[in-house]
Amino acid sequence: MRIAVLAGGVGGAKFLLGVKRYLGRPAFGPAPADEHLITAIVNTADDIRLHNLQICPDLDSCMYTLSGVSDRQRGWGRADETWTVSGELAGYDAEAPWFSLGDRDIATHLVRTRMLDAGYRLSDVTDALCRRWQPGLTLLPMTDDRVETHVVVEDPAAAPDADRPAGTPGPLVALHFQEWWIRYQAKLPALSISPIGAEESTPAPGVLDAIAEADLVLIAPSNPVVSVGPILAVPGIADALRATAAPVVGVSPIIGAAPVRGHADKCLEAVGVPVSAQGVGRHYGARSDGGVLDAFLIAPDDRATVPGVTVAGQPLLMTDPEHTAEMVAACVQVVGRG
Ligand code: GDP
Ligand code: CA
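First things first, this report covers the structure right here in the doc. A quick note: this is a predicted structure, and the numbers were derived from the prediction, not measured.

**Section: the overall build of the protein chain**
Check the secondary structure of the protein chain and you find twelve helices and 14 strands. In terms of overall dimensions, the protein chain is globule-like: its C-alpha atoms have a radius of gyration of 20 Å, near the 20 Å expected for 338 residues. With 338 residues in all, the protein chain has 53% of them scored as buried. Counted over contacts in the protein chain with a minimum sequence separation of 6, partners at least 24 positions apart contribute 69%. When the accessible surface of the protein chain is totalled, it reaches about 14,700 Å², and 51% of it is carbon and sulfur. Separation between the mean location of the 26 positive side-chain charges and that of the 40 negative ones in the protein chain comes to 5 Å.

In structure tokens, the structure reads:
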């Protein structure tokens, strides 16, 4: 079976563990040579260059988690991490002290940056890094081009202006997604969230083929706005989802009226989407109607009607890879491929 999965970082990685288990593979580490092929198409719009290092948080969350070397409590970065370099950088008051970089993790960024600077594409670099880590599936960046999510907010550093009438916005500033998310914990109301550069980007090698040749396409319960949104914004990817012979099934990251973790609610509010499974389902929309879905999984206590989309209830907490594999089985079942 060939499965293509659109994925962000931590939520995407957890979901991919379940996809591996569904196909009978070990959740962590390399896959045996068999007839199955899993391709993860991963968001790169969170990527940021700090201290001259190119950092790809979602690709790395997937790579480390799937190979079994991630910190499972923290949810990101390496297990047994140390923070000496970050501490020293803070001593210099260097840029972005709000972004922690573990010592082990820095080695990945050093190798990646050196290869990128030597002219390799991000997809080549990812492949090279995965040769060490053996995630047990193919990890592809959504694009090799630079795409960065920017969030427009009222400038938190702007001096107060006594002459400004109450209720009128102050000067605006576009923050890198990471600054908004980590430094400001998504607490600054977002006036807009956009994947800058997406319009001019092209899908990375292998992305369109993986979708076209899949037996099943899954949209992980990743952040719909800043993880899945940028992937769908790369020209050609949403069209490939609409054109593939494979069914496309999404999984809700929203249970009840809240994300399971993180600030997806703030992202959905910023783009005018209700914070509910139905809101997300309608945001993705039916493949038959210009959207991307044939079916959508929601939590058992939730209700959703999404015109043109088969909605099914299923426990959606990814507590361990076995439970998550049951979610994947439900995705297969809802489109009658089980
Ligand atoms: P990030 O890039 O690291 O932020 O991770 P993703 O975008 O891939 O995933 C973040 C989303 O995963 C959040 O919106 C969460 O609501 C969702 N999520 C995390 N854990 C679970 C879970 O156990 N079940 C479901 N359904 N969603 C989850
Ligand atoms: Ca992310």
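Now, onward.
**Some points on the coordination of the calcium ion (ligand 2)**
Put simply, a metal with four donors set out as a tetrahedron has ideal angles of 109.5 degrees, and one with six donors set out as an octahedron has ideal angles of 90 or 180 degrees. Protein coordination of the calcium ion (ligand 2) is provided by D46 (OD), D58 (OD) and D58 (OD), with donor distances spanning 2.0 to 2.6 Å. Linking D46 in the loop between β2 (37–42) and β3 (48–50) with D58 in helix α2 (residues 57–67), this pair joins segments that are twelve residues apart in sequence. Judged by relative accessible area, which is 6%, D46 ranks as buried.

**As for the site of ligand 1**
Neighbouring ligand 1 are 20 residues; V10, S222, S227, L316 and M318 lie closest to it. Backbone polar atom of L316 to a nitrogen atom of ligand 1: 2.6 Å apart, as the coordinates give it. Applying the majority rule of atoms within 2 Å of the grid points places ligand 1 in the largest pocket. The class makeup of the residues in the shell around ligand 1 is nine nonpolar, eight polar and three charged.

**A look at the sheet that holds strand β8 (residues 192–196)**
In space, the three strands of this open sheet follow the order β7-β6-β8, with antiparallel pairing throughout. The open sheet has two free edges, formed respectively by β7 (172–176) and β8, since each of these has just one partner strand. Direction aside, neighbouring strands of the sheet carry axes that sit 30° apart on average. Lying over the sheet, helix α8 (residues 224–233) contacts β6 (148–154) and β8, oriented at roughly 45° with respect to β8.

**Some details on the environment of P247**
Inspection of the secondary structure puts P247 in the loop between α9 (237–243) and β10 (248–251). Along the backbone, P247 and A325 are 78 residues apart, and their C-alpha atoms lie at a distance of 18 Å. Leaving out residues up to four positions away in the same chain, P247 has contacts with D215, L216, V217, R287, D294, V335 and R337.

**A look at the pattern of salt bridges**
As enumerated under the stated definition, the model contains 13 salt bridges in all. A salt bridge links R74 to D71; its shortest N-O distance comes to 3.5 Å. Judged by relative accessible area, D71 falls into the buried class, the value being 17%. For R131, the salt bridge is made with D127, and the minimal N-O distance between the two is 2.9 Å. One end of the pair, R131, and the other, D127, are both in helix α5 (residues 122–133), four residues apart, so they sit about a helical turn from each other. Judged by relative accessible area, R131 falls into the exposed class, the value being 57%.

About the thresholds
- Residues numbered from 1 in each chain as written.
- Chains lettered and ligands numbered in written order.
- Predicted model: local features only at pLDDT ≥ 70, side-chain atom pairs only at ≥ 80, totals over all residues.
- Heavy atoms only, no water.
- Helix = DSSP H or I, 4+ residues; strand = E, 2+ residues; numbered from the N terminus.
- Rg over C-alpha atoms; globule rule 2.2 N^0.38 Å.
- Buried < 20%, exposed > 50% of the residue type's maximum accessible area, 1.4 Å probe, protein only.
- Contact = heavy atoms within 4.5 Å.
- Areas by Shrake-Rupley, 256 points an atom, 1.4 Å probe, with all protein chains shown as cover.
- Lys, Arg positive; Asp, Glu negative; His and termini not counted.
- Charge placed at Lys NZ, Arg CZ, Asp CG, Glu CD.
- Donors = N, O, S within 2.8 Å, 3.2 Å for Na, K, Ca; no water.
- Near = heavy atom within 4 Å.
- Polar contact = N/O pair within 3.5 Å; in protein donor to acceptor, adjacent residues only side chain to side chain.
- 1 Å grid on protein atoms, 1.4 Å probe; cavity = no way out; pocket = protein on both sides within 12 Å on 5 of 7 lines; lining within 4 Å.
- Sits in = over half its atoms within 2 Å of the grid points.
- Nonpolar A, V, L, I, M, F, W, Y, C, P; charged D, E, K, R; others polar.
- Pairing = 2+ DSSP bridges.
- Axes fitted to C-alpha atoms, helices over the stretch in contact; angles between N-to-C directions.
- Salt bridge = Lys/Arg side-chain N within 4 Å of Asp/Glu carboxyl O.

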